[in-house]
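# Observations on the model geometry
So the chains spell out like this:
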Amino acid sequence: MTEFVSAALGFPAALFSAALIVVVVFWLLVLVGAAEHNTFNGDVHGHVFGGGGVPVSVAVSLLTGISWFVSLTGSVLVRRSGASGAAGAALDAGVLAVALLCGWLLTRFIAGLLRRALPDHPPPSRLDFVGLTCTIRTGSVSVDFGQAEVAATDGSTALVQVRQSGTEPLRLGSTGLLYAFDDDGEFFWVAPYDAALDPRTRT
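Given the structure is predicted, the values throughout are model-derived calculations rather than measurements.

Helix and strand content of the chain: 5 helices and 5 strands. Sorting the 203 residues of the chain into buried and exposed places 27% on the buried side. Across the chain, contacts joining residues at least 24 apart in sequence account for 54% of those joining residues at least 6 apart. Of the roughly 12500 Å² of accessible surface on the chain, 65% is carried by carbon and sulfur atoms.

Let's shift gears to the packing of aromatic side chains. With the rule as written, the count across this model stands at 4 aromatic pairs. Each ring, one from Phe-26 and one from Trp-27, has its centre 5.1 Å from the other, and the planes form 75°; the classification is edge-to-face. For the ring pair Phe-187 and Trp-189, a centre distance of 5.2 Å and an interplane angle of 80° mean the geometry is edge-to-face. Looking at Arg-163, its charged tip hangs above the ring of Phe-187, at a distance of 5.2 Å from the centre.

Relative to each other, helix α2 (residues 13–31) and helix α4 (residues 56–81) sit at 145°, their axes nearing to 9 Å. By crossing handedness, the relation of α2 to α4 is classed as left-handed. Contact residues: α2 offers Ala-13, Phe-16, Ser-17, Ala-19, Leu-20, Val-23, Phe-26 and Trp-27, while α4 offers Ser-57, Val-58, Ser-61, Thr-64, Gly-65, Ser-67, Trp-68, Ser-71, Leu-72 and Ser-75. Across the contact of α2 with α4, the residue classes break down as 10 nonpolar, 8 polar and no charged.

Criteria and cut-off values
Just so you know, the residues in each chain are numbered from 1, in the order the chain's sequence is written. Reporting of local features is limited, given that this is a predicted model, to residues whose pLDDT is at least 70; pairs of side-chain atoms are given and counted only at 80 or more, and all residues count toward the totals for whole chains, interfaces and linings. Side-chain descriptors were evaluated using all non-hydrogen atoms of the structure, hydrogens and water having been removed beforehand. A run of DSSP states H or I qualifies as a helix once it reaches four residues; a run of E qualifies as a strand once it reaches two. Both are numbered from the N-terminal end. Only protein chains enter the accessibility calculation, which uses a 1.4 Å probe. A residue is then buried if its area is under 20% of the maximum for its type, exposed if over 50%, and partly exposed in between. It only takes one pair of heavy atoms within 4.5 Å for two residues to be counted as in contact. Here, Shrake-Rupley sampling with a 1.4 Å probe gives the accessible areas, and only protein chains in the shown set may cover a residue. For Phe, Tyr and Trp, where Trp contributes only its six-membered ring, two rings pair if their centres lie within 6.5 Å, and the inter-plane angle classes them as stacked under 30 degrees, edge-to-face over 60, or tilted in between. Placement of a positive charge over a ring is assigned whenever Lys NZ or Arg CZ falls within 6 Å of the ring centre and within 35 degrees of the normal to the ring plane. Orientation is described by axes fitted as lines to C-alpha atoms, over the contacting stretch for helices, and by angles from 0 to 180 degrees between their N-to-C directions. Less than a right angle of anticlockwise turn of the near helix away from the far helix marks a crossing as left-handed, whereas a clockwise turn marks it as right-handed. Any residue that is not Ala, Val, Leu, Ile, Met, Phe, Trp, Tyr, Cys, Pro, Asp, Glu, Lys or Arg is counted as polar, Gly included; the first ten are nonpolar and the last four charged.

Coordinates in, geometry out; function isn't part of it.
Given below as structure tokens:
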């Protein structure tokens with residue numbers, strides 16, 4: 001145990017040990033809800049890890065963890081070899097280079113697996129419902145009351161809050177068009193929908 005602690009606190013593993021502490025603290029904060037996993041917005045650029053779609057926090061964590069393990073293992077082997085002086089310094093520098101290379105290659109490989117397992121699709125949003133038709137599920141819809149059922153493009157359905165600014169009645173079972181979303185009230189503005197007037201249905 002003392003051997004590994006000494007290696008972890010010595011060059012070059014100490015460089016990655018400090019970074020690993022930061023990574024561990026970050027993910028602990030994410031675990032308790034004090035931080036978001038996507039705090040560092042954006043995905044890793046394609047020329048770095050072979051394609052986008054992998055959050056920066058995940059890629060950096062992988063790179064740090066892998067490089068730390070490789071450097072720790074290499075440092076222990078160097079110390080066991082008994083090399084010292086210029087030879088020991090050269091071997092330590094070699095361990096640093098190998099750790100960075102292995103970290104980069106393995107992170108690139110794992111990022112590719114994650115990218116294939118988790119396709120890069122934006123998360124669903126309520127704004128996806130704007131422009132879709134819905135079916136009224138309450139007896140009426142007014143400026144302060146109403147619910148409707150809407151079908152998403154993937155076939156799933158959702159019950160949403162709707163409001164109407166016009167006077168034309170919207171009754172239970174009638175079809176409406178969701179034309180806007182109110183962020184403050186968290187509801188959709190709906191208007192009566194007539195399929196005959198939809199230019200998409202005309203030939």
